[in-house]
Amino acid sequence: MTQQLELGLDTFGDVTVDASGALLSQAQVLRNVVEEGVLADQVGIDFIGVGEHHRDDFAVTAPEVVLAAIAARTNRIHVGSAVTVLSSDDPIRVFQRFSTIYALSNGRAEVILGRGSFTESFPLFGFALNDYEKLFSEKLDLFAALLEQKPLNWKGSIRPEIRNQLVYPPVEGGKLKTWIGVGGSPESVVRAVQYGLPLMLAIIGGEPKRFRQFVDLYHRAAEQIGRPVLPIGVHSPGHVAETDEEARTQLWPGYKAIHDRIGGERGWGPTTMARFTAEADMGSLYVGSPETVAKKIVATVRALGIQRFDMKYSSGTLPHEHLMSSIELYGTRVMPMVRDMLASDKKAVA
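Reference entry: report on the structure contained in this document. As the structure is a computational prediction, the values presented were derived from the model and not from experiment.

1. Here we look at the overall build of the protein
Argument step 1. Each helix and strand in the protein was counted, giving 11 helices and 12 strands.
Argument step 2. At 20 Å, the protein has a C-alpha radius of gyration in line with the 20 Å of a compact globule built from 350 residues.
Argument step 3. For the protein, the accessible surface area stands at approximately 15400 Å², while carbon and sulfur atoms represent 54% of it.
Argument step 4. Within the protein, one finds 36 positive and 41 negative side-chain charges whose respective centroids are separated by 5 Å.

In structure tokens, the structure reads:
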């Protein structure tokens, strides 16, 4: 794969604090996310992804609406989900929403499909958690059929059979780029190959190189099935400031708040500074000065051979002003350094 590395950003619309430390309204957070997307376009970032959650600590429940707002105010950046929880949604409606954004943005829309790391959407939309595997499997199969943009004929167990139905609007002049988001399941890696879809690895902890096994599995499966190897991307958290110390100091309170809340829900212990430091030093937390973050991204690209890296730039209550600064530094300083280092690799090989 010789394409230039794509560098993007992701957010879940984490509910942030103002200058006094008070939580902003979800409405204000949504407006801020749009401004963050506009800035990302202005500083040359390739992609911005907006995730879907249904909790009080995240503002985005309808990412397609937010993405449409960003698309209407930008010119070049690609917009997509990070991720769309397909299991608790209607695949046909998902396709229609993203084909609509594709039209409005002149072909800049993408979708990342996944199971999601939270389960609130299942009871909210009337789905049983006992059907977790079946729902994702069958809905992905239906979505893959939609991507062919032919009269739809599909049969499964989760809905009535569909016979000879056309779905509108069609994707204009191309195909909707659709990724499969994977958190660590070999079965999901193979499934991505079977459907001919690129792979997005969510690496949110530990050394990135431990995911090399999934990259190798994707390549082996593609070879065995006889499909072309498509792009592989990585999604990981991070934050950029002028210095390493400033970046870590800014990130730590929000990082601890969100990890302690989720950890409390799932039976984990409180997050410690030692754990935070270990993730920043050796794990999958891309926090520091532009040079530090650039070097760490390059190390991951070299270790995994990926074609896209998306940094989740929002984390807990980290204020909007810090997010905007991080976005600007990522686009104007991190990205050029990453590309220069990778270009040096190519010259050395040549």
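2. Re the pattern of salt bridges
Argument step 1. Across all of its chains, the model carries 26 salt bridges by this definition.
Argument step 2. Among the ionic pairs, Lys 209 bridges to Glu 207, the shortest N-O distance being 3.6 Å.
Argument step 3. One salt bridge in this structure joins Arg 308 and Asp 310, with 3.3 Å as the shortest N-O distance.
Argument step 4. We classify Arg 308 as buried; its relative accessible area is 0%.
Argument step 5. What emerges from the salt-bridge pattern is a single network uniting Arg 55, Asp 56, Asp 57, Glu 120, Arg 261 and Glu 265.

3. Here we look at empty space enclosed by the protein
Argument step 1. Tallying each qualifying case throughout the model produces 1 cavity of 30 Å³ or more.
Argument step 2. Within this model, the largest cavity holds a volume of roughly 50 Å³.
Argument step 3. Thr 11, Gly 13, Asp 14, Thr 16, Val 29, Asn 32, Val 33, Glu 36, Ser 314, His 320 and Leu 323 are the residues that line the largest cavity.
Argument step 4. Here the element with the most residues in the lining of the largest cavity is helix H1 (residues 26–42); it accounts for 4 residues.
Argument step 5. For the lining of the largest cavity, a count of residues per class yields 3 nonpolar, 6 polar and 2 charged.

4. Some points on the nonpolar core
Nonpolar side chains in soluble globular proteins generally cluster together in the buried interior.
Argument step 1. In terms of nonpolar packing, the biggest core is built from 91 residues, with Phe 143, Leu 201, Ile 297 and Tyr 330 touching the most fellow members.
Argument step 2. By residue number, the principal contributor to this core is helix H11 (residues 320–349), which donates 8 residues.
Argument step 3. Core analysis: the next-biggest nonpolar cluster, separate from the first, contains 5 residues, Phe 12, Phe 118, Ile 258 and Ile 262 among them.

5. Section: the packing of helix H2 (residues 63–72) against helix H3 (residues 91–104)
Packed helices, taken two at a time, are described by the angle between their axes plus the distance between the axes.
Argument step 1. Between H2 and H3, the least distance of the axes is 10 Å, while the angle of their chain directions is 5°. As far as their axial angle goes, H3 and H2 are roughly parallel. On H3, the residues touching Glu 64, Leu 67 and Ala 68 of H2 are Arg 97, Phe 98 and Ile 101.
Argument step 2. Across the contact of H2 with H3, the residue classes tally to 4 nonpolar, no polar and 2 charged.

6. Some details on unusual backbone geometry
Argument step 1. Note that the residue after Ala 82, namely Val 83, is joined by a cis bond; omega there is 5°.
Argument step 2. Looking at the element boundaries, Val 83 is found in the loop between strand E3 (78–81) and strand E4 (84–85).
Argument step 3. Omega for the peptide link from Tyr 168 to Pro 169 comes to -5°, which places this bond in the cis form.
Argument step 4. You can see Pro 169 is positioned in the loop between strand E7 (162–165) and strand E8 (177–182).
Argument step 5. Phi at Asn 106 is positive, roughly 60°, even though this residue is not glycine.
Argument step 6. Here Asn 106 is to be found in the loop between H3 and strand E5 (109–114).
Argument step 7. Positive phi outside glycine occurs at Gln 149, with the angle close to 55°.
Argument step 8. Relative to the helices and strands, Gln 149 resides in the loop between helix H5 (132–147) and strand E6 (152–154).
Argument step 9. Given the relative accessible area of 31%, Gln 149 is considered partly exposed.

7. Quick notes on the packing of helix H8 (residues 244–266) against helix H9 (residues 273–282)
Argument step 1. At a closest axis distance of 11 Å, the pairing of H8 and H9 adopts a crossing angle of 125°. As far as their axial angle goes, H9 and H8 are oblique. Every pair of crossing elements has a handedness; the one defined by H8 and H9 is right-handed. Where H8 abuts H9, its residues Arg 248, Leu 251, Trp 252 and Tyr 255 lie against Met 273, Phe 276, Thr 277, Glu 279, Ala 280 and Asp 281.
Argument step 2. When its residues are assigned to classes, the contact of H8 with H9 shows 6 nonpolar, 1 polar and 3 charged.

8. Thoughts on the environment of Val 301
Argument step 1. Tracing the backbone shows Val 301 in helix H10 (residues 290–304).
Argument step 2. Judged by relative accessible area, which is 9%, Val 301 ranks as buried.
Argument step 3. Counting along the chain gives 296 residues from Val 301 to Leu 5, while the straight-line C-alpha distance between them is 8.6 Å.

Reading the values: rules and limits
- Residues numbered from 1 in each chain as written.
- Predicted model: local features only at pLDDT ≥ 70, side-chain atom pairs only at ≥ 80, totals over all residues.
- Heavy atoms only, no water.
- Helix = DSSP H or I, 4+ residues; strand = E, 2+ residues; numbered from the N terminus.
- Rg over C-alpha atoms; globule rule 2.2 N^0.38 Å.
- Areas by Shrake-Rupley, 256 points an atom, 1.4 Å probe, with all protein chains shown as cover.
- Lys, Arg positive; Asp, Glu negative; His and termini not counted.
- Charge placed at Lys NZ, Arg CZ, Asp CG, Glu CD.
- Salt bridge = Lys/Arg side-chain N within 4 Å of Asp/Glu carboxyl O.
- Buried < 20%, exposed > 50% of the residue type's maximum accessible area, 1.4 Å probe, protein only.
- 1 Å grid on protein atoms, 1.4 Å probe; cavity = no way out; pocket = protein on both sides within 12 Å on 5 of 7 lines; lining within 4 Å.
- Points joined across faces, edges and corners; volume = space filled by probe spheres on them.
- Nonpolar A, V, L, I, M, F, W, Y, C, P; charged D, E, K, R; others polar.
- Core = buried A, V, L, I, M, F, W, Y, C linked by side-chain atoms within 4.5 Å.
- Axes fitted to C-alpha atoms, helices over the stretch in contact; angles between N-to-C directions.
- Parallel < 35°, antiparallel > 145°, perpendicular 65-115°, else oblique.
- Contact = heavy atoms within 4.5 Å.
- Left-handed = near helix turned anticlockwise from the far one by under 90°.

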